[in-house]
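Residues per chain are reported as follows:
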Amino acid sequence: MSLFEGGVRTNSFITSNLLPDSVRGKEYEALFHAIDWLPTIINAIDGENANLNPEIYELDGVSHWEHILKS
């Protein structure tokens, strides 16, 4: 809520067959930055096999997939 935000706040939604019925239609109210999308998608596709070690992938973001499934 300051001038430094620059219009970054926006609504979004996720649709996928990977989402279990228990989380469909739920709201996820955590902070989610644009750079978090790639690690989250990689983790959603590859699950526990996704080694998101920053030394290997050099990703800046954080995967939110586990938190989305628990919301």
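Just above, that's the structure.
The rules behind the values
- Residues numbered from 1 in each chain as written.
- Predicted model: local features only at pLDDT ≥ 70, side-chain atom pairs only at ≥ 80, totals over all residues.
- Heavy atoms only, no water.
- Helix = DSSP H or I, 4+ residues; strand = E, 2+ residues; numbered from the N terminus.
- Contact = heavy atoms within 4.5 Å.
- Areas by Shrake-Rupley, 256 points an atom, 1.4 Å probe, with all protein chains shown as cover.
- Salt bridge = Lys/Arg side-chain N within 4 Å of Asp/Glu carboxyl O.
- Buried < 20%, exposed > 50% of the residue type's maximum accessible area, 1.4 Å probe, protein only.
- Phe/Tyr/Trp six-rings, centres within 6.5 Å; stacked < 30°, edge-to-face > 60°.
- Core = buried A, V, L, I, M, F, W, Y, C linked by side-chain atoms within 4.5 Å.

**Q** What is the right way to look at the overall build of the chain in this model?
**A** On a plain count of helices and strands, the chain comes out with 3 helices and 0 strands. Traced from its N-terminal end to its C-terminal end, the chain shows the element sequence α-α-α. Of the contacts made within the chain by residues no fewer than 6 positions apart, 55% connect residues no fewer than 24 positions apart. Carbon and sulfur atoms provide 54% of the accessible area of the chain, an area that totals close to 6100 Å².

**Q** What should I look at first to understand the pattern of salt bridges in this one?
**A** A side chain of one charge can pair with a side chain of the opposite charge if their charged atoms are brought near each other. On inspection of all chains with the given rule, the structure shows 1 salt bridge. A salt bridge links Arg24 to Asp21, with the nearest nitrogen and oxygen atoms 3.6 Å apart. Overall, Asp21 belongs to the exposed group, its relative accessible area being 66%.

**Q** It is not clear to me how the packing of aromatic side chains should be interpreted in this structure. Could you clarify?
**A** Applying the stated criterion across every chain yields a total of 2 aromatic pairs. Here the aromatic rings of Tyr28 and Phe32 are separated by 6.5 Å at their centres, their planes lie at 80 degrees, and the arrangement is edge-to-face. A relative accessible area of 28% means that Tyr28 is categorised as partly exposed. Accessibility expressed as a relative area gives 26% for Phe32, which makes it partly exposed.

**Q** Is there a simple way to think about the nonpolar core in this case?
**A** A general trend in soluble globular proteins is that nonpolar side chains are found buried together. Residues Leu19, Val23, Ala44, Trp65 and Ile68 constitute the largest nonpolar core, which totals 5 residues. When neighbours within four sequence positions are excluded, Val23 is seen to be in contact with Ile68, Leu69 and Ser71.

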